[in-house]
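In case you want the letters, here they are:
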Amino acid sequence: MSKKFYITTAIDYANGSPHLGHAYEKVLTDIVARFRRMMGDEVKFLTGLDEHGQKVQMSAQKQGVAPIEICDRLAGEFQGLCQRLEISNDDYIRTTQARHKAVVQEILQKLYDKGEIYKSDYNGFYSVRQEQFVTEKEKVDGKWPEIYGDVVEVTETNYFFKLAQYQDWLIETIEKNESMIYPRFRSADVLQFLKKEDLNDLCISRPKERLEWGIELPFDTGFVTYVWFDALTNYITGAGYGTDEFEKHWPADYHVIGKDILVPPHAVYWPIMLKALDIELPKHFLVHGWWLSSGAKMSKSTGDVVNPLDLIEQFGADAFRYFVTREMNVGQDSEFSLELFMSRYNSDLANDLGNLVSRLLNMGGRYTEGKVPAVSVDETPEQELRKLWSEIGGELVDLYENFQFHKALDRIFTFISGINKYAETRAPWKLAKSEDPADRAKLETSLAYMAEALRLGVVLLTPVMPAISSKVRQLIGAEDFAMLDGQLEWGTTLEGKSLGEKTILFPRPERPKA
Ligand code: MSP
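Reference entry: report on the structure contained in this document. Being a predicted model, the structure only gives us computed values, none of them experimental.

Near the ligand, the surroundings consist of 24 residues, among which I11, E25, D50, D260 and W291 are the closest. Contacts to the ligand include E25, whose side-chain N or O atom sits 2.5 Å from an oxygen atom. If the ligand stood free it would expose 650 Å²; the protein chains cover 94% of that surface. Looking at the shell around the ligand, the elements with two or more residues in it are β1 (4-13), α1 (20-38), α7 (228-232), α8 (234-238) and β12 (254-258). If you tally residues by element for the shell around the ligand, the top one is β1, at four residues. The residue inventory of the shell around the ligand, partitioned by class, reads 11 nonpolar, nine polar and four charged.

For the rest of this paragraph, the subject is the environment of Y24. Tracing the backbone through its elements, the reader meets Y24 in helix α1. Judged by its relative accessible area of 2%, Y24 falls in the buried class. As a C-alpha pair, Y24 and M465 span 441 residues in sequence and 14 Å in three-dimensional space. Sequence-distant contacts of Y24, defined by excluding residues within four places in its chain, comprise H288, W291, V324, M328 and V330.

Turning our attention to the packing of aromatic side chains. For the structure shown, the criterion picks out 33 aromatic pairs. Ring centres 5.9 Å apart and planes at 90 degrees place the aromatic pair F323 and F336 in the edge-to-face group. Taken together, the positions of F323 in helix α12 (residues 317-327) and F336 in the loop between β17 (334-335) and α13 (338-367) put the pair 13 residues apart, joining distant regions of the chain. According to the relative accessible area criterion, F323 is buried, its value standing at 1%.

With that settled, consider the sheet that holds strand β6 (residues 151-161). In spatial order, the strands read β5-β4-β6-β8; together these four strands make up an open sheet with antiparallel pairing. Among the strands making up the open sheet, the edge pair consists of β5 (132-134) and β8 (202-203).

Between helix α2 (residues 54-63) and helix α3 (residues 67-84), whose axes approach to 8 Å, the crossing angle comes to 105 degrees. Viewed along their axes, α2 and α3 adopt a mutual orientation that is roughly perpendicular. Of the residues in α3, those touching α2 at V56, S59, A60 and Q63 are P67, I70 and C71. Here the residues of the contact of α2 with α3 sort into five nonpolar, two polar and no charged.

To continue, consider the pattern of salt bridges. According to the stated counting rule, one finds 39 salt bridges in the structure shown. Between K110 and E106 there is a salt bridge; the shortest N-O distance is 3.8 Å. Here E106 and K110 lie together in helix α4 (residues 98-113), a separation of four residues that amounts to about one turn. Connected via shared salt-bridge partners are K3, R36, D41 and E401.

Procedures and definitions
- Residues numbered from 1 in each chain as written.
- Predicted model: local features only at pLDDT ≥ 70, side-chain atom pairs only at ≥ 80, totals over all residues.
- Heavy atoms only, no water.
- Near = heavy atom within 4 Å.
- Polar contact = N/O pair within 3.5 Å; in protein donor to acceptor, adjacent residues only side chain to side chain.
- Areas by Shrake-Rupley, 256 points an atom, 1.4 Å probe, with all protein chains shown as cover.
- Helix = DSSP H or I, 4+ residues; strand = E, 2+ residues; numbered from the N terminus.
- Nonpolar A, V, L, I, M, F, W, Y, C, P; charged D, E, K, R; others polar.
- Buried < 20%, exposed > 50% of the residue type's maximum accessible area, 1.4 Å probe, protein only.
- Contact = heavy atoms within 4.5 Å.
- Phe/Tyr/Trp six-rings, centres within 6.5 Å; stacked < 30°, edge-to-face > 60°.
- Pairing = 2+ DSSP bridges.
- Axes fitted to C-alpha atoms, helices over the stretch in contact; angles between N-to-C directions.
- Parallel < 35°, antiparallel > 145°, perpendicular 65-115°, else oblique.
- Salt bridge = Lys/Arg side-chain N within 4 Å of Asp/Glu carboxyl O.

Given below as structure tokens:
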């Protein structure tokens, strides 16, 4: 029986256009989702948009439009990005959708009825810029840090969620469940935060005079719910909370998020909200690092400013996906640079993979009537190539399962270089000049080996480069790669299959457009 696998990304704020950080998180999640599908899991993949809040309300006021107009436009941009990147999400949630509002109101009412939410006066300092209450502790040298902008003292009645009473339970839960947070060192960050001091109850509302653009509290229409109660709940809305679907999908297997939103929202608020609602906790959080210079980068050599997302159109979604996956060690930060992008594109993709494919198709057309020939020779070069595959092929599933995608790609491209070296050693273009039948056998074997090795090499490129893998697969006449089972074994299934016309997979650009 297939295993269910529910994976989500963070939902993006509707307060600006998508950038590299958003794109990366979607690609990363997509790779996990596509890999799990190849492993036979029944995957549900959710992503979406976080639409309420002060910033959206303020920009709408400034532009003289309704907040939903801004959200609709950005929803178009973010969904467009998903399409451009070939993201295979099954659902796209918007927090302004009726299905989501209903779930938020349902859980608020439940918690209120259970006595988990109470009303209280709050007197404190409020950062207008950050839209949050701040405490004296946050002062540096007696002054509020720049990021808070103007800080004013306010007294406000609000609703609070009883977070503090769950502190010990949460510490114990995280300590017991070592694999809950990946990478593991992030668990230590969470525990440090939780053990440092007592948690405060969480303010979950804003009076409507100050914020209208939100979901109304069902038990007091003078207030809307604020930020995290609205946003985090998307994960259960998307799983069909309140319907029969829910049991099928929940608990989430992975919430994929950036490191900035682990503590406190995902690792503290979310588990406590679920616990208070008697809902099972998500199984894991996959926490990625940050792309530095995610917006724009000055190219050192050309002086051009490049928006990384423009590279999708210029070089194709697969090249972009390859680059971000190859360069980011999940969990660490990474620096974006156009130089590095170009170097990966030219050396790994155009030279190593692209040339291998065009070489094979070219020689197949010239020497073996466009067909994959039979293998009849087994000498040192063949044995060495098989040995290389048995080492590399044996590691890949494990690397994928442990989110070591940058290493998996490194290994796959080591193998692709190995195939090119094999081709150099056998030099079929020289063998083709000989009349000797032994040379003919070597020539045929070498083309068959190149084709089979290429098939093996691209199977597990599929989650990262779905379009290119599928193209290569068709060009060498291989069956589809939808299921991984049995695909990583060296075989002769391609014998007699037709090779496609010579194709340039990765055209070399003159120079990227500025
Ligand atoms: N709306 C909240 C998340 C709510 S989830 C219930 C939010 N939105 S965001 O638009 O600011 O960020 C969305 C995701 O993009 C987050 O996981 C965040 O970490 C990630 N990134 C934003 N900038 C990033 C980089 N520069 N690099 C990598 N990812 C980063 O937070």
